[in-house]
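Descriptive analysis of the structure
Single-letter residue listing:
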Amino acid sequence: MSPINHFAGQARELMRRDTTWPFLVTRRRPVDVSKDIILYLEELNVSFDGFKALNNLNLYVNDGELRCLIGANGAGKTTLMDVITGKTACDSGSAWFGQNIDLLAHDEAEIAGLGIGRKFQKPTVFEAHTVFDNLELSLRGYRGVWRALTAKLSGPERDRIEEVLSVIGLEDARYQSAGALSHGQKQWLEIGMLLAAEPRLLLVDEPVAGMTAEETERTAELLISLAGKHTVIVVEHDMEFVRSIARTVTVLHQGAVLAEGTMDQVQNNRDVIEVYLGEDA
Ligand code: ATP
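Residues numbered from 1 in each chain as written. Predicted model: local features only at pLDDT ≥ 70, side-chain atom pairs only at ≥ 80, totals over all residues. Heavy atoms only, no water.

**Here's the deal with the site of the ligand**
Neighbouring the ligand are the residues Phe48, Phe51, Ala53, Ala72, Asn73, Gly74, Ala75, Gly76, Lys77, Thr78, Thr79 and His237. Separating an oxygen atom of the ligand from a backbone N or O atom of Gly76 is a distance of 2.9 Å. Lys77 has a polar side-chain atom sitting 2.8 Å from an oxygen atom of the ligand. Among the elements of the structure, strand 2 (51-62) and helix 2 (77-84) are those that each provide at least two residues to the shell around the ligand. Sorting elements by how many residues they give to the shell around the ligand places helix 2 first, with 3 residues. Class assignment for the residues of the shell around the ligand results in 5 nonpolar, 6 polar and 1 charged. (Near = heavy atom within 4 Å. Polar contact = N/O pair within 3.5 Å; in protein donor to acceptor, adjacent residues only side chain to side chain. Helix = DSSP H or I, 4+ residues; strand = E, 2+ residues; numbered from the N terminus. Nonpolar A, V, L, I, M, F, W, Y, C, P; charged D, E, K, R; others polar.)

**A short note on the packing of helix 6 (residues 155-168) against helix 7 (residues 183-195)**
As a packed pair, helix 6 and helix 7 sit with axes 9 Å apart at the nearest point and diverge in direction by 145°. Crossing handedness for the pair helix 6 and helix 7: right-handed. Contacts between helix 6 and helix 7 involve Arg160, Val164, Val167 and Ile168 from the former and Trp188, Leu189, Gly192 and Leu195 from the latter. (Axes fitted to C-alpha atoms, helices over the stretch in contact; angles between N-to-C directions. Left-handed = near helix turned anticlockwise from the far one by under 90°. Contact = heavy atoms within 4.5 Å.)

**Describing helix 6**
The end-to-end C-alpha distance of helix 6, which contains 14 residues, comes to 20 Å, matching closely the 20 Å that a straight helix rising 1.5 Å per residue would cover. Buried within helix 6 are the following residues: Glu157, Arg160, Ile161, Val164, Leu165 and Ile168. Within helix 6, the buried residues cover an arc of 135° as seen down the axis, which keeps them to one side. Facing away from the buried side of helix 6, by more than 90 degrees, are the exposed residues Pro156 and Asp159. One or two positions beyond helix 6, positive phi appears at Gly169, with a value near 70°. (Expected span 1.5 Å × (residues − 1). Buried < 20%, exposed > 50% of the residue type's maximum accessible area, 1.4 Å probe, protein only. Arc of directions from axis to C-beta.)

**Structural notes on the environment of Leu80**
Looking at the secondary structure, you find Leu80 in helix 2. Between the C-alpha atoms of Leu80 and Cys90, which are 10 residues apart in sequence, the distance is 9.5 Å. Dropping the residues within four chain positions of it, Leu80 is found in contact with Leu41, Leu44, Leu54, Leu57, Leu59, Leu69 and Leu252.

**Quick word on the sheet that holds strand 6 (residues 116-119)**
Neighbouring strands of a sheet are bound in pairs by backbone hydrogen bonds; such pairs are parallel or else antiparallel. The strand order 6-7-8-3-9-10 describes an open sheet built from 6 strands, whose pairing is mixed. At either end of the open sheet lies a strand with only one pairing partner, and these are strand 6 and strand 10 (256-261). On average, adjacent strands in this sheet sit at an angle of 20° to one another, irrespective of strand direction. Relative to strand 10, strand 9 (residues 248-253) is paired through 5 bridges, and the arrangement is antiparallel. Within the sheet, the bridge partner assigned to Val251 lies in strand 10 and is Ala259. The strands touched by helix 7 within the sheet are strand 6 and strand 7 (201-205), with strand 6 carrying the most contacts at an inclination of about 165°. (Pairing = 2+ DSSP bridges.)

This is how it looks when you write it as structure tokens:
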């Protein structure tokens, strides 16, 4: 198989794998964050065969914040991410991106195009291609596969890739094939692939699962560095990691917000201790 066909085949495979692809939109609709809030979720309800995965959930996220979302298995964290990204429809409620964009009126691909990127737990990079090529492809989007291989990068595109390589700390690995990266490096590359499209909001699912202590520390630094320029929501079970990055923590329980505050506040919250943190708190 020619490299071009191979590359295109992998891109198609990635699309089939249900990955939210960060299509670059040339004229992205601006998000109105004049009230400093980028995500308004109100009275959200999602039921699966009568089971309430989300139960009148209310959540507000400020523009540029790094929010951690925790909760026991089945608390509704994934379902919430699925609603924000258009993967799951809700029964009732509202979900607004800034003041002006009704997320419930858009499908999954449109939501990715609005500037909401999602990083799933398992990295889905193009293993046979270099770190640089992975970023180049994600910068131009699936529609640009042929162009990515044939056209020269423009100055701003090259600058953007260099900037992302620096943010994710993979400058020295740029010509290495993605398949040869460590698990942690693959996770950073995938975050970089999302960053290439300059998302406003990044949803990151269990970023440090399977990472070494050193990789975990580096990931904490990376996520902290993204806040401000981007809004980041991290779902994570590793409490030590959450403590290391958290500014505000939201605890979900049975599809609703049980508590919200600093890590110390939620760890000392009686309800949280009872239903989630238990004796570890
Ligand atoms: P975990 O930490 O284990 O990933 P979670 O907090 O992400 O858990 P969800 O995956 O959102 O929880 O699940 C919430 C509840 O909804 C669970 O009881 C789950 O079994 C149920 N659920 C989720 N998706 C579906 C589905 N497609 N069909 C039926 N039930 C579902």
